[in-house]
Amino acid sequence: MALLECKQLTKRYGSVTALDSVDLTVEPGRIVGLLGPNGSGKSTLIKIANGLLVPTSGTLTIGGSKPGTETKRIVSYLPERTYLSTWMNVVQLLDFFCDFYPDFDRNTAEHMLTALDISPKLRIKQMSKGTREKVQLILVMSRKAKLFLLDEPIGGVDPATRDYIIRTIISNYNEEASVVISTHLIADVESVLDDVIFINKGRVVLQSSVDEIRSEKNCSVDELFREVFRYAV
């Protein structure tokens, strides 16, 4: 069974159509790039998957169920913007995630925080943007979830931080789980992707494995993306 499936998923805001009859599937054990220009509908799709938005029509299911209390147990979500309370320090954040998520692995989180020399007493408001991004990603990836939904996890951080984030994603997810990475920074994530979904103006224009793109198109994902979206940005 697909971990994530959309059938004719549509979301409108008045006269604006954010998602237009989207059909897609994400199978277990895959790292999937949800790729498209800014404003293409990536974040809207991820918010619907997390129950933050309701579709206008069509369906989105996670493990066969509509987004709700049960699906939140198996989904770990990294939003585009930092949502952590700025007054909290690292220890308080760990306590909060332990209390809120039964599948949170505190040892894994503490190991990564130590490796990055992030003090347990450091408060969110004292952190640089890059450090906040790292801490939030560590918290999200330390859950033993079945589906990780990461909305622009590498946007706005320096190249070294991007490399760390990519390594963290690869080394901290269950092989039976899946990761969906929403981004427009293709070259930075291409090396870790199994599949890609190109989305533009709310429509899926391509869903393929990375191997198929390289063998059939004889080009990289980044090169294909630039060609497909040449006049879309």
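Since we're looking at a predicted model, the values are computed, not measured. (Residues numbered from 1 in each chain as written. Predicted model: local features only at pLDDT ≥ 70, side-chain atom pairs only at ≥ 80, totals over all residues. Heavy atoms only, no water.)

Engineer: So what about the sheet that holds strand 2 (residues 16-26)? Which residues, and what values?
Structural biologist: Within the open sheet, the three strands sit side by side as 2-1-4. Their pairing is antiparallel. Each edge of the open sheet is held by one strand with a lone partner, namely strand 2 and strand 4 (57-62). Taking each pair of neighbouring strands and ignoring which way they run, the sheet shows an average axis angle of 25°. Here strand 1 (residues 4-13) pairs with strand 4 via five bridges, running antiparallel. If you follow Leu4 over to strand 4, its bridge partner there is Ile62. This element, helix 1 (residues 42-49), spans strand 1, strand 2 and strand 4 of the sheet and lies at about 115° to strand 1. (Pairing = 2+ DSSP bridges. Helix = DSSP H or I, 4+ residues; strand = E, 2+ residues; numbered from the N terminus. Axes fitted to C-alpha atoms, helices over the stretch in contact; angles between N-to-C directions. Contact = heavy atoms within 4.5 Å.)

Engineer: An account of the side chain of Gln136 is requested, with residue identities and associated values reported.
Structural biologist: Tracing the sequence through the fold places Gln136 in helix 5 (residues 129-141). For Gln136, the residues in contact, after removing those within four places along its chain, are Leu78, Pro79, Arg81, Thr82, Tyr83 and Leu84.

Engineer: Which residues make up the environment of Asp95, and what values do they have?
Structural biologist: One can find Asp95 in helix 3 (residues 90-100). Taking the C-alpha atoms as reference, Asp95 lies 8.7 Å from Arg106; in sequence the two are 11 residues apart.

Engineer: Lay out the pairing of strand 9 (residues 203-209) in plain terms, naming residues and giving numbers.
Structural biologist: As judged from the six bridges shared by strand 8 (residues 195-200) and strand 9, these two strands associate in the antiparallel manner. Paired with Ile197 across the strands is Gln207, a residue of strand 9. Hairpin connection between strand 8 and strand 9: a loop of two residues separates the two successive antiparallel strands, and Lys201 in this loop has a positive phi of roughly 50°.

Engineer: Before we move on, could you go through the packing of aromatic side chains and cite the residues and values that matter?
Structural biologist: Summed over all chains, the structure comprises eight aromatic pairs. A centroid spacing of 5.6 Å and a plane angle of 55° characterise the contact between Phe198 and Phe229, whose relative ring orientation is tilted. Of the two residues, Phe198 is situated in strand 8 and Phe229 in the segment after helix 9 (221-228); the sequence distance between them amounts to 31 residues. In terms of burial, Phe198 and Phe229 fall into one category: buried. Grouping aromatic residues by their ring pairs yields a cluster made of Phe96, Phe97, Phe100, Tyr101 and Phe104. Above the face of the Tyr13 ring, Lys11 is positioned so that its terminal group lies 5.2 Å from the ring centre. (Phe/Tyr/Trp six-rings, centres within 6.5 Å; stacked < 30°, edge-to-face > 60°. Buried < 20%, exposed > 50% of the residue type's maximum accessible area, 1.4 Å probe, protein only. Lys NZ or Arg CZ within 6 Å of the ring centre and 35° of its normal.)

Engineer: Break down the pairing of strand 6 (residues 147-151) for me, citing the residues and quoting the values.
Structural biologist: With five of five residues buried, strand 6 lies mostly within the body of the structure. Here strand 6 shows no split at all, with Leu147, Leu149 and Asp151 on one side and Phe148 and Leu150 on the other all buried. Bridge analysis of strand 5 (residues 75-78) against strand 6 gives four bridges, and the strand direction is parallel. Within the sheet, the bridge partner assigned to Ser76 lies in strand 6 and is Phe148. Examined bridge by bridge, strand 6 and strand 7 (residues 178-183) share five bridges and lie parallel to one another. Each residue of the ladder has a partner; that of Phe148, found in strand 7, is Val179.

Engineer: Lay out the pattern of salt bridges with the relevant residues and their values.
Structural biologist: Across all of its chains, the model carries 10 salt bridges by this definition. Here Arg143 ties to Asp103 by a salt bridge, and the two come within 2.9 Å at their closest N and O atoms. A residue pair is termed long-range when its members are at least 10 positions apart, and Arg143 in the loop between helix 5 and strand 6 and Asp103 in the loop between helix 3 and helix 4 (106-115) qualify at 40 residues. On the accessibility criterion, Asp103 (15% relative accessible area) is buried. In this structure, Lys129 and Glu133 form a salt bridge, with 3.2 Å as the shortest nitrogen-oxygen distance. Of this pair, Lys129 and Glu133 are both found in helix 5, four residues apart, which corresponds to roughly one turn of the helix. What makes Glu133 buried here is its relative accessible area of 11%. Three or more residues joined by partner-sharing salt bridges are found here, namely Asp95, Arg106 and Glu110. (Salt bridge = Lys/Arg side-chain N within 4 Å of Asp/Glu carboxyl O.)

Engineer: Run through the sheet that holds strand 7, naming residues and quoting values.
Structural biologist: In spatial order, the strands read 5-6-7-3-8-9; together these six strands make up an open sheet with mixed pairing. Two strands in the sheet have a free side with no partner beyond their single neighbour: strand 5 and strand 9. Adjacent strand axes in the sheet meet at a mean angle of 15°, parallel and antiparallel pairs treated alike. Lying over the sheet, helix 1 contacts strand 3 (31-35), strand 5, strand 6, strand 7 and strand 8, oriented at roughly 145° with respect to strand 6. Contacts between helix 8 (residues 210-217) and the sheet are confined to strand 8 and strand 9, with strand 9 contributing the most and set at about 85° to the helix.

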